[in-house]
Amino acid sequence: MSSSAKTHPQFTPGILSLLPTFYVGWSDSILSPGEIVFIQNLIKDLDFLTEEERTYLLTYTDPKNPPGPDVFRQWKRAITEHAQSLTKEDISSLEALGLQIATKGIGYNNQEYWKSPKTKAAIREIRKALGVQNRDAARILPGDLVQTNPETQIDYALAEDIQTHLDDKHADLINRLKKLLRDPYFSLKTIRNKEEYRQVVLNQLQTLADQGYTSYAFPKEYGGKDEVEKNLVIFETLAFQDLSLTVKYGVQLGLFGGAIMGLGTEKHHSQYINRLIDMDLLGCFAMTETNHGSNVRGLETTATYNHETESFIIQTPHEKAGKEYIGNALHCEMAVVFAQLIIDGASKGVHAFVVPVRNNEGQLMPGVRVEDCGYKMGLNGVDNGRLWFDNVSIPKDGLLDKYGTVDSTGNYVSSIQSDAKRFFTMLGALVMGRVCVGMAGVSCSKTALSIAIKYGDKRRQFGANDASPETIILDYPTHQEKLFPLLAKTYAYHFAFRKLFEDYAEDTSEEGRRKVETKAAGLKAMATWHATNTIQVSREACGGKGYLSENRFTDLKADSDIFTTFEGDNTVLLQLVAKGLLTEFKKSFHDSGFTAVMKYLGSKFAQRFSEYNFTYTRNTSITHLRDRAFHLEAFKYREKKLLYTVASRMQDFTKKRVDTYEAYLKCQLHLLELAKAYIERLALRNFASKINSMEEGRSKDLMNLMADLYAVHTILDNKGWYLENDYMDGSKTKALRRLKQKLYQEIRPQATTLVEAFGIPEELLNARIVLYN
């Protein structure tokens, strides 16, 4: 029977004292295993509760019997009715709210034991066990009763409202997962022994599977939930905690599971997907080789078809063709191996094969050799290894044959005739990895900035004179210059990725997939470079404290640094973005002929620029400089002119009969600038779109402030280009620089609120520095 149907005693002082904490705690819809027994014991030890009160409260510590909607409404009504006589001064925390409504509530007399430090401490322990934060009073109190913390000047109500826009439709899932990760079972620990660390991470991944978090990416018919977008959000949220667990999750589900789902057919799905969701089948993704990382088409491992036995022979031709840096290599039973498919001596290009690595007893299969990569700069909770294959035979069904197969006569058959198109189509099916890694980089940036800005808001150094109080370091313009642009860019990338999540989940057309691949490659590159820079700058902003392991930066820096080179080297990815933009550019004018179109665009470009030359070159009014239309136009102008000019250069080289590859090398730096300009505009466009969808109010004003800073800072970062191209003159860039200082001043009072809005609990920040007084 549901708890919503259970009877309850009158809301007596004992129940009222805990009701706010229970209301907020159950709002997250989950009690983690470590909390249940602890909370029950605490309630049993509360000597001020009657047996009836204790029984009622214990009813709501059973995760299988949560309170229903009717109970929630009763709780909220009781809290708000009994809080009518309270003022802001009465409420400093959730436990204080509970004690106040117990003593001042309608019809009750003040009783001394409600003032006892022991009573308050006991209720505080229950609040902490439930994973409830004091700012959560904003969920149940009227706005005029929500108190702003005067010490940190965090506007908790505003932070929570902004967080609703960040989390959006996924708020419930994010909150439930955060609550689980706050359980002591998942607490971040320093484990120096890699074997012990790996086992902890493996066990934690199994717990995530037991809680149902590993099933979202897969169809319901194979045991999944068929909610791909939520799987991306889970990865993003896991990145607030131990990145070894995050990467292990990604390898098992995104790479191994994603390859089987994306490259395999029904026979593979029915055989493997349900098992890998439940962690009954651990797998790895064996693509990278010692001699070939980014150049996947150049892989040397072979899979030769044997007509007589209808099987494939997987072979590593030499030592440096071994699979390198393979996650899950020490734990896996199966591997998805990428190899050159050879039929009758002819290569059909790189394909993926399911290859057994270990038997049911955990012993290596014949012909398979695995070596531990050993200790790494970071992510030592991930079991990276090297794999070699010597004459390993697998059945014909081992080929993941969605895009190419071997028929009953032993001939290769594919619906995609072009080898190049088939290859890129196969890689496109694996784009989720880049999406996940990029957003994990954003989560790392959020963590770093939360620590640095909260510390900077408390730390004092120097003053006007010996008699004056020392200055809070976040008040120094130099500190703001370090951190605030990074904060604005983090917000911009967050909304860009959330739009990418939607596009990835919803637009499955060929054109839609192609656009997602381009955006994912570029955003992954820019966001992970941003994360690496943000972590370093945030560490420096915390001085020597930032160098201590207890303040998280050591692990954060070491674990995330690899993000810039795995799932695609960032420089290579940006070249892919630029190449994609050029391909689309040429394709859109295919019927007219490229040369004629280039001449036409050149004249239109010059005409368009001359029309707004004076306005955009010399206009220094604040209204204009903060106009989103100006920002978007400036970003668009840079991207389009870079596209036009690099296309023109490539055309010129073609006329001179320069080899295409050589032409790309000559334009390589130009191509990178084009790709960066495209992603910068994409981020601003999505940021502006999100802001436009928000209701008028303080949250929208603050997001506009963040977008202003992102736009102005990006323009100033590229001011050399704008000056060289006469898009603006020196007076305008100076005006933009002054505006940036003004934006810092406007952001400063809400800086801690902006990082509080990221919603990272203290247990996941795991930095003692944020408790600095």
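Above: the structure in question.
Positions within a chain are numbered from 1, following the residues in the order the chain's sequence is written. Where local features are concerned, this predicted model is filtered to residues with pLDDT of at least 70; where side-chain atom pairs are given and counted, the filter is 80 or more; whole-chain, interface and lining totals use all residues. Working from all heavy atoms in the structure, the side-chain values ignore hydrogens and water.

How would you explain the packing of helix α14 (residues 432-456) against helix α16 (residues 510-541) if you had to name every residue and give the values?
Running from amino to carboxyl end, α14 crosses α16 at an angle of 20°, the nearest separation of the two axes being 8 Å. In terms of orientation, α14 and α16 fall into the roughly parallel class. α14 and α16 meet at a crossing whose hand is left-handed. Along the contact surface, α14 presents Arg434, Val435, Val437, Gly438, Gly441, Val442, Cys444, Ser445, Ala448, Leu449 and Ala452, while α16 presents Ala520, Lys524, Ala527, Thr528, His530, Ala531, Thr534, Ile535, Ser538 and Ala541. Lines fitted to C-alpha atoms define the axes here, with helix axes fitted over just the stretch in contact, and angles between the N-to-C directions of these axes take values from 0 to 180 degrees. By definition, any uninterrupted DSSP run of H or I lasting at least four residues is a helix, any uninterrupted run of E lasting at least two residues is a strand, and each is numbered from the N terminus. Between 65 and 115 degrees an angle is taken as roughly perpendicular, under 35 as roughly parallel, over 145 as roughly antiparallel, and anywhere else as oblique. Crossings are sorted by hand: turned counterclockwise from the far helix by less than a right angle, the near helix makes the crossing left-handed, and turned clockwise it makes it right-handed. In this description, contact between two residues means that some pair of their heavy atoms is separated by no more than 4.5 Å.

Outline empty space enclosed by the protein, supporting the account with residue identities and numerical values.
Only protein atoms enter the calculation, which uses a 1 Å grid: trapped sets of points that fit a 1.4 Å probe without letting it out are cavities, open sets showing protein on both sides within 12 Å along at least five of seven lines are pockets, and any residue with an atom within 4 Å of a point is a lining residue. Grid points are joined across faces, edges and corners, and a volume is the space filled by probe spheres set on the points. Tallied over the entire structure, the rule returns 4 cavities of 30 Å³ or more. Taken as a whole, the largest cavity encloses approximately 70 Å³ of empty space. In terms of lining residues, the largest cavity is bounded by Phe186, Ser187, Leu188, Lys189, Ile191, Tyr197, Val200, Gln204, Gln241 and Asp242. Each residue gets one of three labels, nonpolar for Ala, Val, Leu, Ile, Met, Phe, Trp, Tyr, Cys and Pro, charged for Asp, Glu, Lys and Arg, and polar for the others, Gly among them. When the residues that make up the lining of the largest cavity are grouped by side-chain class, the tally is 5 nonpolar, 3 polar and 2 charged.

Requested: an account of the pattern of salt bridges, with residues and values cited.
Here a salt bridge means any side-chain nitrogen of Lys or Arg lying within 4 Å of a carboxyl oxygen belonging to Asp or Glu. Applying the stated rule across the entire model yields 41 salt bridges. Across the salt bridge formed by Arg369 and Glu371, the nearest N and O atoms sit 3.2 Å from each other. If you follow the salt bridges from partner to partner, you end up with Arg626, Arg628, Asp708, Lys742 and Glu746 in one network.

Requested: an account of the sheet that holds strand β4 (residues 323-326), with residues and values cited.
Pairs of strands are assigned from DSSP output, requiring at least two bridges between the strands. Here we have 3 strands laid out as an open sheet, ordered β4-β8-β7, and antiparallel in their pairing. Among the strands making up the open sheet, the edge pair consists of β4 and β7 (368-372). Looking at each pair of strands side by side, their axes are set apart by 25° on average, direction ignored. Bridge analysis of β4 against strand β8 (residues 385-389) gives 2 bridges, and the strand direction is antiparallel. Pairing of Ile326 across the sheet is with Gly385, part of β8.

If you had to explain the pairing of strand β3 (residues 311-315) to someone new, which residues and values would you point to?
With 5 bridges connecting them, strand β2 (residues 302-306) and β3 associate as antiparallel partners. Across the sheet, the residue bridging to Asn306 is Ser311, located in β3. Two successive antiparallel strands, β2 and β3, enclose a turn made up of 4 residues, where Glu310 displays a positive phi of approximately 50°. Looking at chain direction, β3 and strand β9 (residues 392-395) are connected through 4 bridges and run antiparallel. Directly across from Phe312, in β9, lies its bridge partner Ile394.

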